[in-house]
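Structure at a glance
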Amino acid sequence: VFKRLNYYLFLFSTTSRIFPYLLILGLASLVIMLGMTAYFFGLFSAEAILAEGIDDALGGGLLDTLWWSMKHILDPGALSENYGAPAGVILFALFNSIMGLIITGALIGFIVSAIQSAMADARRGSATIRENGHYLILGWNRKGIVILELLAKLGATNRVVVLTETDVEQVRTDIRQGPRLLTQLTLLPMQGSISVNSELRRVAAHRASHIILLSESKSGAGSDLTTIKTLTLLNSDLYQGPGGNGPKIAAEIVNKENAVIAGIASKHHHPIVSSSDFISKTMVQCARYPGYAEVYNELFASGKFPIEICTIPNLDEVLFGNLASAFNNGAVLGVSWTDQKAGEKPRRASVLNPEPDYDLTDDDEIIVLKGIDSPLERVDLDSFSSWEEPPEREITRPNVKKVLILAYNANLGLIVSELAKHAASDISVVVACADAKSSEALVRARYSDLLSGHLTLSFTEFDLAEAWRLDGIRPWEFDVIFIVADEVDKTIDADSKTIMLLLLLGEIENKQNNGAFPPVVAELLNSESKQLCVGTPLTDAIVSTEILSIQLAQLVREPFLETLYKELLNAGGIEIGLRPIEHYVKLGVSVSIAGITRSALRYNEIALGYRSVQDGVKINPSKDQLCVFEEGDLLIVLAQQVYT
């Protein structure tokens, strides 16, 4: 019987949180009833009534007896007040007082244990979220901090919940070591699997306003499978509101090959970002336009210039050229409208940089680049009908023919493929890396269908331990040099390896006696590493974690931007170009930004800002601003890619 009773105590204690308190309540009730039997041992006798702690105020009946017994449970010090009572009464008082100490100690122990358990749950992030309209980040890697930083810059006031398999203390450490700007956010890290339905419900995914899926660093090669499974769950009826209006979702996919499956899992309703594809496209754009990374970061990463959809009434029969200066503090990038097909959710369609004589309708909305701290200032529409033909100009189109890639990573094949897509003629790519033979076999096997016929690809052995080999490759003879983040060798940090390669290239450049040296585009994993690259031949630094995080944070807020990002980076579409300013205005003459905007439209280009030799990159200057430009200044434009 004792063993069975002991088993039931164990069973109920481990399966019910309230059982310990019920047990204490039952034990206290039993002791009180036993103490009440002192009534039959002279509790209210004439001798007992003389004691200070015994009173028959209610006639010495049941209530007085209950009060006397319960008092000794709750206040063991009441024992001393029974001095002078009969021995039997004192024995009952002693029993109740001792049991009161035991019961009180047990109760305190259970309460302390419950508090410690609750604190441990909070540290582990295993509580249940009761939020509505919150941001939810599923998964955690080095991009998480940058996403949080951009959300803070964009003024996000919603609580941000993070669910990850990574240890919550590690997440808290990453956040604590992050920028001070993160203190503006209300953050709640939680631990759990992002692909389990019960865990998603625990963090109230069905009530979130925005969800960002990151590749789980702990999942390794299987991270894409976890993301795809989570996307399938989030697009089920469990997480979609009436009419399919669920949270806005943006997801990261590591391997480009899995992006198609992820799109199917999301029912093509949510932006999917392939990190490998995006980095390769961005690096190639930097090769075509040295300084592109600085422009791109200021435009999309600074958090100063959100892109919004704006409604303008009475657009019927208005031409796009009329909108060139419609906003004093905003740049009109294109046209957008809602496309509704039978049986499908409404989808937003967009056109960037249409022709100036593009005919608008009342159903069209305008895509506008604006400053984050200033509301749009409307001005009168231009009276555009047609403008005179622009003067002839000669643009040196970027045409990279000979490329050197130092180091190796999984994105290398996509970079080579993207170079081939942008090449206007035959292109030669040399890859210098450790274990060149096996690296070449991997690239050719995986990307054989992507490699163009006019591409010559070769590999040569190179390792930092044999730095002298770099001279033999003759890097000064190439049109551009890429350095990719090499995480193959775990004994050396990828950024440290990149910096060492930049130092070697700097030494080679100095030996050239200030001769022409090709632009150098490097991929970094940490933005702080850029500070160590000062004085090297580095032209553009692509901080891959930063640039991807920015895109995800932007897309989850404004999914229509997916079209814009793809258009700007894909070969043959609209690009961000850097043009000599003298193609649009006379040097040394004061001119307004509105005048430059109209001048750019004659070439079917949209002015986004300028890069000055003196002041650096300026995005979205006011149309009434007056400027005087000098040789070397560049206009930043949206333009159609043209190859020569």
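Located above this text is the structure these notes cover.
Just so we're clear, the structure is a prediction, and the values are computed from it rather than from any experiment.

Basis of the calculations
Residues numbered from 1 in each chain as written. Predicted model: local features only at pLDDT ≥ 70, side-chain atom pairs only at ≥ 80, totals over all residues. Heavy atoms only, no water. Helix = DSSP H or I, 4+ residues; strand = E, 2+ residues; numbered from the N terminus. Buried < 20%, exposed > 50% of the residue type's maximum accessible area, 1.4 Å probe, protein only. Contact = heavy atoms within 4.5 Å. Areas by Shrake-Rupley, 256 points an atom, 1.4 Å probe, with all protein chains shown as cover. Lys, Arg positive; Asp, Glu negative; His and termini not counted. Charge placed at Lys NZ, Arg CZ, Asp CG, Glu CD. 1 Å grid on protein atoms, 1.4 Å probe; cavity = no way out; pocket = protein on both sides within 12 Å on 5 of 7 lines; lining within 4 Å. Points joined across faces, edges and corners; volume = space filled by probe spheres on them. Patch = residues over 30% accessible without salt bridge, like charges linked within 9 Å, V, L, I, M, F, W, Y side chains within 5 Å. Salt bridge = Lys/Arg side-chain N within 4 Å of Asp/Glu carboxyl O. Pairing = 2+ DSSP bridges. Axes fitted to C-alpha atoms, helices over the stretch in contact; angles between N-to-C directions. Core = buried A, V, L, I, M, F, W, Y, C linked by side-chain atoms within 4.5 Å. Parallel < 35°, antiparallel > 145°, perpendicular 65-115°, else oblique. Left-handed = near helix turned anticlockwise from the far one by under 90°. Nonpolar A, V, L, I, M, F, W, Y, C, P; charged D, E, K, R; others polar. Polar contact = N/O pair within 3.5 Å; in protein donor to acceptor, adjacent residues only side chain to side chain.

**Notes on the overall build of the protein**
Assigned secondary structure in the protein consists of 19 helices and 22 strands. Burial analysis of the protein (644 residues in total) assigns 50% to the buried set. Long-range contacts, defined as pairs at least 24 residues apart, comprise 76% of the intrachain contacts of the protein with a sequence gap of at least 6. A total accessible area of about 30300 Å² is found for the protein, and carbon and sulfur atoms account for 55% of it. Looking at the protein, you have 54 positive and 76 negative side-chain charges, and the mean spots of the two groups are 5 Å apart.

**Concerning the layout of surface pockets**
Rolled over the atoms, a probe as big as a water molecule pinpoints where empty space is left. There is about 1400 Å³ of room inside the second largest pocket. Looking at the second largest pocket, it is lined by 42 residues, and the ones nearest its centre are His269, His270, Pro271, Pro559 and Glu562. Among the secondary structure elements, those contributing two or more residues to the lining of the second largest pocket are strand S5 (248-253), helix H10 (259-265), strand S6 (272-274), helix H11 (275-288), strand S8 (330-339), strand S9 (347-352) and helix H18 (561-569). It is H18 that provides the largest number of residues to the lining of the second largest pocket, a total of six residues.

**As for a nonpolar patch on the surface**
Taken together, the side chains of Ile18, Tyr21, Leu22, Leu25, Leu107, Ile111, Ile115 and Met119 define a hydrophobic patch exposed on the protein surface, amounting to about 750 Å² of accessible area. At the level of elements, helix H2 (19-36) and helix H5 (87-124) are the ones that each hand at least two residues to the nonpolar patch. For the nonpolar patch, the element with the most residues is H5, which contributes four residues. For Met119, the location among the structural elements is in helix H5.

**Let's talk about the sheet that holds strand S22 (residues 634-640)**
Read from one edge to the other, the open sheet built from four strands follows the order S17-S22-S19-S20, with strand pairing classed as antiparallel. Looking at the sheet topology across the chains shown, the edges are occupied by strand S17 (574-580) and strand S20 (616-619). Strand-to-strand, the axes of this sheet are offset by a mean angle of 30°, without reference to chain direction.

**Here's the deal with the environment of Ile367**
With respect to the helices, strands and loops of the structure, Ile367 is situated in strand S10 (residues 365-370). What makes Ile367 buried here is its relative accessible area of 2%. Along the chain, Ile367 and Phe482 lie 115 residues apart, while their C-alpha atoms are 34 Å from each other. Not counting chain neighbours up to four residues away, the residues in contact with Ile367 comprise Ile307, Glu308, Ile309, Ala331, Val332, Leu333, Gly334, Val335, Ser336, Ser350, Leu352 and Phe560.

**Concerning the sheet that holds S9**
Whenever strands of a sheet pair, they do so through backbone hydrogen bonds, lying parallel or antiparallel. In spatial order, the strands read S7-S10-S8-S9; together these four strands make up an open sheet with antiparallel pairing. Strands with a single pairing partner mark the edges of an open sheet, and in this sheet they are strand S7 (307-310) and S9. Each neighbouring strand pair of the sheet contributes to a mean axis angle of 35°, computed without reference to strand direction. Pairing of S7 with S10, which is carried by four bridges, proceeds in the antiparallel orientation. Note on S10: the bridge partner recorded for Glu308 is Val368. Across the sheet, H18 is in contact with S7, S8 and S9; its angle to S9 comes to roughly 35°.

**Side note on the nonpolar core**
Core analysis: the biggest nonpolar cluster contains 105 residues, and Phe300, Leu333, Ile405, Val429 and Phe482 have the highest contact counts within it. Ranked by size, the runner-up nonpolar core spans 25 residues in total, among them Met190, Leu200, Leu233 and Ile253.

**Here we look at the packing of helix H12 (residues 292-301) against helix H17 (residues 544-557)**
Closest axis-to-axis distance for the H12/H17 pair is 10 Å, and the angle between their directions is 30°. The orientation of H12 relative to H17 falls into the category roughly parallel. The chirality of how H12 crosses H17 is left-handed. For the pair H12 and H17, the contacting residues are Tyr296, Asn297, Phe300 and Ala301 in the first and Glu546, Ile547, Ile550 and Gln554 in the second. Considering only residue class, the contact of H12 with H17 consists of five nonpolar, two polar and one charged.

**Structural notes on the environment of Ser223**
Counting through the fold element by element, Ser223 comes out in helix H9 (residues 223-234). Along the primary structure Ser223 and Arg348 are separated by 125 residues, whereas in three dimensions their C-alpha atoms are 30 Å apart. Beyond its immediate sequence surroundings of up to four residues, Ser223 is in contact with Ser215, Glu216 and Val254. At a separation of 2.9 Å, a polar atom in the side chain of Ser223 contacts the side chain of Ser215.

**Re the pattern of salt bridges**
Under the defined criterion, the tally for this structure stands at 18 salt bridges. Close ionic contact of Asp471 with Lys511 constitutes a salt bridge, the shortest N to O distance being 3.6 Å. Residue Asp471 is located in helix H15 (residues 469-473), and its partner Lys511 is located in helix H16 (residues 494-511); the two are separated by 40 residues in the primary sequence. The partly exposed category is assigned to Asp471, whose relative accessible area is 32%.

**Here we look at the environment of Pro354**
The residue Pro354 is located in the loop between S9 and S10 in this model. The sequence separation of Pro354 and Glu605 amounts to 251 residues, and the corresponding C-alpha distance is 8.9 Å.

**Some details on the side chain of Asp540**
Structurally, Asp540 can be placed in strand S16 (residues 538-543). Buried charge without a salt bridge: Asp540, with Arg611 as the nearest opposite-charge side chain at an N-O distance of 6.4 Å. From its side chain, Asp540 meets the backbone nitrogen of Gly291 in a polar contact 2.7 Å long. Here the side chain of Asp540 touches Tyr292 through a polar contact of 3.3 Å, landing on its backbone nitrogen. What Asp540 contacts, discounting residues up to four positions off in sequence, is Cys286, Tyr289, Pro290, Gly291, Tyr292, Ala293, Glu294, Val520, Val521 and Ala522.

So yeah, pure geometry; function would need other evidence.
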